[in-house]
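Listed below, chain by chain, are the residues.
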Amino acid sequence: MGYAHVYAHEIMHRGRVPMEPADFVPDWADRPRKAKFHPDAETLPLPLPESPEPPEQAAGAVRGFTLPLLSGMLRDSYGLTGRRLAVQANTDLAALPHYTHANWSRGTASGGGLYPVSVHWAAGPGGPLAPGLYHYAPHQHGLRRLLAGDVTGEVRSALDPGAGAAAAATQYLVLGVKYWQNAFKYNSFSFHAVSMDVGALVQTWRLWAARYGLRIDPVLWFDEERLARLLGVAPEEEGIFAVVPLTWDGASGPGGRTTPAEAAPGDAAPAVRHRDVERSRRVLVFETLLRIHEATAGRAADRPAPDALDAAAAFPPRGGDPLPLPAPPAPPVTTGRALRERRSSFGRFDASRPLAAGPFAAALADCAATAYGTEAERPGGPPLTSLYAFVNHVEGIAPGAYAYDPAAHTLRLRVPGPPGSFLQRNYFLSNYNLEQAGAVIVPTVRTTAVLDAVGDRGYRLVGATIGAVAQTFYTTAAAFGLGAGVALGFDNISYQEELGLTGTDEAPLLIMLLGHDRPRPADFRHEIA
């Protein structure tokens, strides 16, 4: 049993046994920047869309990514799309009126709004830019050139053996996590949060690209040390969590002639010389974070067999007689618009208007159909997640806790009666009144079964899977004009007990709140300011 099992146990029990360091207090005055900063690197601006809402495309309408499409996907996922300054119940409200602490909305959700994922583009032959390695700067919506020359061969070497179609790509997005951007606030818990952040970002890309018939298939198993060396980062400071090959319009494969990247002096392989400049005067090291990073660091040769995760499949839903749900209605707005309008409700839920059953059913169906989609997950294989729903105020559905059956699109009663008291009693923060939400959806994963099936790196798969579900939830809620919120500050074990999951390896890892917001909220109109 690897260290990831120990970490998973501590995460599940942290509501009752605080994780070390238990007395930690963030130093907000010395917090890191909200994105990496390379002051001596050239920044190339990315094109903005001609219109804020491009038309939906039929599947297969484009042959691959272009620079405008990649720019649009990056902007609608991690780019700054608007300023948030609404009156709400989150604890950071006092700082938001100050521009230096402004909270900018993004299409992708992130734990604590910290956005620690770094996006690098390894551009090879056949693309619109000179081959090289670029870092996406979200605040400038531009690309910082960190290395000139083709490095895609180095990426492909890190993926082998068994990378399949990913080895034929000429363009790659490489996702890293600078741990300090999250650990300054969440210390040892940060690895759990950032794993979800990566899954949320990848799922945003999948939803966005699907409009054009394009696929996003992340690779999770690779030589992480080799890619860290290429990016010029210390492995203990930044983890490399995923590689996403891109199908590029007009690309003919990796065999084209191009200039290879120069190796750094004394090295046998190319490596970035530009370094991220840290703002914090003091960077802390957390032993638990170092251990879980080391335990989950990837090796391409350890890639599991395609059917390995079958042993960790979600259990069939159990409960009372099936309660049919209405067919999910079509969302009234496009995916792109939903991403740009996505936000957290933070205490603005209003139970005076019950949640309609149709959008509630759509949220359940969309979340159940979500997977991280890595090379370890067999196409058409069984799902890893189960969904439970605590119903407070949903039209036509009696209050209670239910298990969702995605195959039959029905609910099965687990616990009858209004769940509001249980929900609020087991929530640790003050930014939500859970009873006012129409429903609270809870995804579970058999975490220990995943780790047993594919090893410690499977913890990143578990977190990213839950993050992908959360991003789907937020996007569906925004598409139907509903309030939404996702939270980690709850007693996981109490949810396990309440849902009758004690003695199983089903781990409730997230709570997702859905309902109507109060009408006419006070907000800041950044677009006319």
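Predicted model, so just to flag it, every value in this text is computed and none were measured. (Residues numbered from 1 in each chain as written. Predicted model: local features only at pLDDT ≥ 70, side-chain atom pairs only at ≥ 80, totals over all residues. Heavy atoms only, no water.)

(A) Local environment of the sheet that holds strand 1 (residues 43-45). Taken together, six strands build an open sheet; the order of strands is 1-6-5-4-7-8 and the sheet is antiparallel. At either margin of the open sheet sits one strand with a lone partner, and together these are strand 1 and strand 8 (238-246). The sheet shows a mean angle of 30° between the axes of neighbouring strands, taken without regard to direction. Pairing analysis gives four bridges linking strand 4 (residues 117-123) to strand 5 (residues 132-137), with the strands arranged antiparallel. Looking across to strand 5, one finds that alanine 123 is bridged to glycine 132. On top of the sheet, helix 5 (residues 190-210) reaches strand 4, strand 7 (171-178) and strand 8; it is set at about 155° to strand 7, its chief contact. Strand contacts of helix 6 (residues 224-231): strand 4, strand 5, strand 6 (142-148), strand 7 and strand 8, with the helix running at about 90° to strand 8, the strand carrying the most contacts. (Pairing = 2+ DSSP bridges. Helix = DSSP H or I, 4+ residues; strand = E, 2+ residues; numbered from the N terminus. Axes fitted to C-alpha atoms, helices over the stretch in contact; angles between N-to-C directions. Contact = heavy atoms within 4.5 Å.)

(B) A look at the packing of helix 9 (residues 357-368) against helix 12 (residues 458-479). The interhelical angle for the contact between helix 9 and helix 12, taken along N-to-C directions, is 150°, at an axis separation of 9 Å. Our classification of the angle between helix 9 and helix 12 gives roughly antiparallel. With respect to the hand of their crossing, helix 9 and helix 12 are arranged in right-handed fashion. Counting all contacts with helix 9, which are made through Ala362, Ala363, Asp366 and Cys367, the residues of helix 12 involved are Val469, Thr472, Phe473 and Thr476. Its residues placed into classes, the contact of helix 9 with helix 12 shows five nonpolar, two polar and one charged. (Parallel < 35°, antiparallel > 145°, perpendicular 65-115°, else oblique. Left-handed = near helix turned anticlockwise from the far one by under 90°. Nonpolar A, V, L, I, M, F, W, Y, C, P; charged D, E, K, R; others polar.)

(C) Representation of empty space enclosed by the protein. Applying the stated criterion to the full structure yields four cavities of 30 Å³ or more. Each pocket or cavity is described by its volume, and for the largest cavity that value is around 80 Å³. Residue lining of the largest cavity: 13 residues in total, with Ala35, Val117, Ser118, His135 and Pro138 positioned closest to the centre. Top contributing element to the lining of the largest cavity by residue count: strand 4, with three residues. (1 Å grid on protein atoms, 1.4 Å probe; cavity = no way out; pocket = protein on both sides within 12 Å on 5 of 7 lines; lining within 4 Å. Points joined across faces, edges and corners; volume = space filled by probe spheres on them.)

(D) Structural detail: the packing of aromatic side chains. A complete count under the given rule lists 22 aromatic pairs for this structure. A ring pair is formed by tryptophan 208 and tyrosine 212, whose centres lie 5.1 Å apart and whose planes are at 35°; its orientation type is tilted. Here tryptophan 208 matches tyrosine 212 in class, with each residue buried. Lying over the aromatic face of phenylalanine 222, arginine 457 brings its terminal NZ or CZ to 4.9 Å of the ring centre. (Phe/Tyr/Trp six-rings, centres within 6.5 Å; stacked < 30°, edge-to-face > 60°. Buried < 20%, exposed > 50% of the residue type's maximum accessible area, 1.4 Å probe, protein only. Lys NZ or Arg CZ within 6 Å of the ring centre and 35° of its normal.)

(E) Representation of the pairing of strand 7 within the structure. Burial within strand 7 is extensive, with eight of its eight residues counted as buried. On strand 7, burial covers both faces: Gln171, Leu173, Leu175 and Val177 on one face and Tyr172, Val174, Gly176 and Lys178 on the other are all buried. Of the strand pairs in this sheet, strand 4 and strand 7 are connected by seven bridges, and their pairing is antiparallel. Bridging across to strand 7, valine 117 finds its partner in valine 177. Where strand 7 lies against strand 8, eight bridges are found, and the strand directions are antiparallel. Counterpart to glutamine 171 in the pairing with strand 8 is leucine 246.

(F) Region of the structure containing helix 6. Listing the buried residues of helix 6 in full gives Glu224, Leu227, Ala228, Leu230 and Leu231. For helix 6, the buried positions fall inside an angular range of 160° around the axis, keeping them on one side. Between a side-chain oxygen at the N-terminus of helix 6 and the backbone nitrogen of glutamate 225 the separation is 3.3 Å; the capping residue is aspartate 223. Looking one or two residues beyond helix 6, the residue adopting positive phi is glycine 232, at roughly 70°. (Arc of directions from axis to C-beta. Polar contact = N/O pair within 3.5 Å; in protein donor to acceptor, adjacent residues only side chain to side chain.)

(G) Summary view of the nonpolar core. Formed by 109 residues in total, the largest nonpolar core has its most connected members in Phe65, Trp205 and Phe360. Those residues in contact with phenylalanine 360 that sit more than four places away from it in its chain are Leu325, Leu355, Ala389, Val391, Val394, Ile397, Leu411, Ala439, Ile441 and Leu514. One finds Val151, Val155, Ala169 and Leu227 within the second-largest nonpolar core, a separate group that totals 23 residues. (Core = buried A, V, L, I, M, F, W, Y, C linked by side-chain atoms within 4.5 Å.)

(H) A look at unusual backbone geometry. Backbone torsion omega between glutamate 20 and proline 21 reads -5°, so that peptide bond is classified as cis. Residue placement: proline 21 occurs in the loop between helix 1 (3-13) and strand 1. Phi at asparagine 187 is positive, roughly 40°, even though this residue is not glycine. One can find asparagine 187 in the loop between helix 4 (180-186) and helix 5. Despite not being glycine, histidine 409 has its phi angle at roughly 55°, a positive value. Within the element layout of this structure, histidine 409 appears in the loop between strand 11 (400-405) and strand 12 (410-416). When its relative accessible area of 14% is taken as the criterion, histidine 409 is described as buried.

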